[in-house]
Amino acid sequence: MKSESAAPLVAIIMGSQSDWPVLENAAKTLADFGVAHEARVISAHRTPHAAFEYATSAQKRGLKCIIAGAGMAAHLAGVMAGLTQLPVLGVPMESPQLKGIDSLLSTVQMPGGVPVATFAIGKAGAVNAALFAVSMLALNDESLSKSLSDFRAAQTKKVLDIKLD
Ligand SMILES: Nc1c(C(=O)O)ncn1[C@@H]1O[C@H](COP(=O)(O)O)[C@@H](O)[C@H]1O
């Protein structure tokens, strides 16, 4: 898994290596904007002590937000949100049995007071979580703000340029 050489600002964590083909789209989006990030497999279920350590040291390490992708009984994002003040962006993975509805509901249905910003199931959610992280960082970074506005303008142009006949 790729990580930028500068100190990471965004963490991408996932419950299993099997989630990486989806989460790598978040990593690619951040890389496209030149945002330093790191990617790790950490599970609230399978590696609870490592999950605790990661969440409680994240802010001190200079991270600004955590993108957490998990499938099935997706508790990873919620556990992170309970342990750190950093914004946690949850990406539900599509699951073989319930098509990701299980992951979506277990990510989004947080009790009051412990927010997880929850995105769409799968690749679109992974890309949007990364774009959301870019938007947050762009609030204090003029050059990133310009890159984001160029990206949005290019996206708009691409749609308006479609000719159907
Ligand atoms: N939901 C969680 C957590 C967690 O929430 O801590 N840890 C692993 N998982 C999920 O289990 C699914 C199956 O994992 P395997 O493919 O390794 O069996 C993955 O989508 C993972 O995110």
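What you see is a predicted model, and the numbers here were worked out from it, not measured in a lab. (Residues numbered from 1 in each chain as written. Predicted model: local features only at pLDDT ≥ 70, side-chain atom pairs only at ≥ 80, totals over all residues.)

**Description of the confidence of the model for the protein chain**
Line of reasoning, step 1. Here the protein chain averages 96 in pLDDT, while 97% of its residues score no lower than 70.
Line of reasoning, step 2. Two summary scores accompany this predicted model of the complex, namely pTM at 0.96 and ipTM at 0.99. (pLDDT = per-residue confidence, 0-100.)

**Quick look at the sheet that holds strand β5 (residues 117–118)**
Line of reasoning, step 1. Taken together, the 5 strands give an open sheet; going across it, the order is β2-β1-β3-β4-β5, and neighbouring strands pair in parallel fashion. Edge strands, defined here as strands with exactly one partner in the open sheet, are β2 (37–41) and β5.
Line of reasoning, step 2. Sheet topology note: the strand β1 (residues 10–14)/β2 ladder contains 5 bridges and is parallel. Bridged to A11 within β2 is E38.
Line of reasoning, step 3. Packing against the sheet, helix α1 (residues 20–32) makes contact with β1, β2, β3 (65–70) and β4 (88–92), and its axis sits at approximately 175° to β1.
Line of reasoning, step 4. Along the sheet face, helix α4 (residues 101–108) touches β3, β4 and β5 and points at about 160° away from the line of β4. (Pairing = 2+ DSSP bridges. Helix = DSSP H or I, 4+ residues; strand = E, 2+ residues; numbered from the N terminus. Contact = placed C-beta atoms within 7 Å. Axes fitted to C-alpha atoms, helices over the stretch in contact; angles between N-to-C directions.)

**A word on the site of the ligand**
Line of reasoning, step 1. As a matter of local geometry, the ligand sits amid 17 residues, with G15, S16, S43, A44 and G71 nearest to it.
Line of reasoning, step 2. In terms of residue class, the shell around the ligand is made up of 8 nonpolar, 7 polar and 2 charged. (Near = placed C-beta within 6 Å. Nonpolar A, V, L, I, M, F, W, Y, C, P; charged D, E, K, R; others polar.)

**Topic: the pairing of β1**
It is a general feature of regular strands that their side chains alternate between the two faces of the sheet.
Line of reasoning, step 1. The buried count for β1 comes to 5 of 5 residues, which makes it a mostly enclosed element.
Line of reasoning, step 2. Covered by surrounding structure in β1 are V10, I12 and M14 together with A11 and I13, the residues of both alternating faces.
Line of reasoning, step 3. A crossover links β1 with its parallel partner β2, the connecting element being α1, and its sense is right-handed. (Buried ≥ 20, exposed ≤ 12 C-beta atoms within 10 Å, placed from the backbone. Right-handed = clockwise from strand over helix to strand, strands pointing away.)

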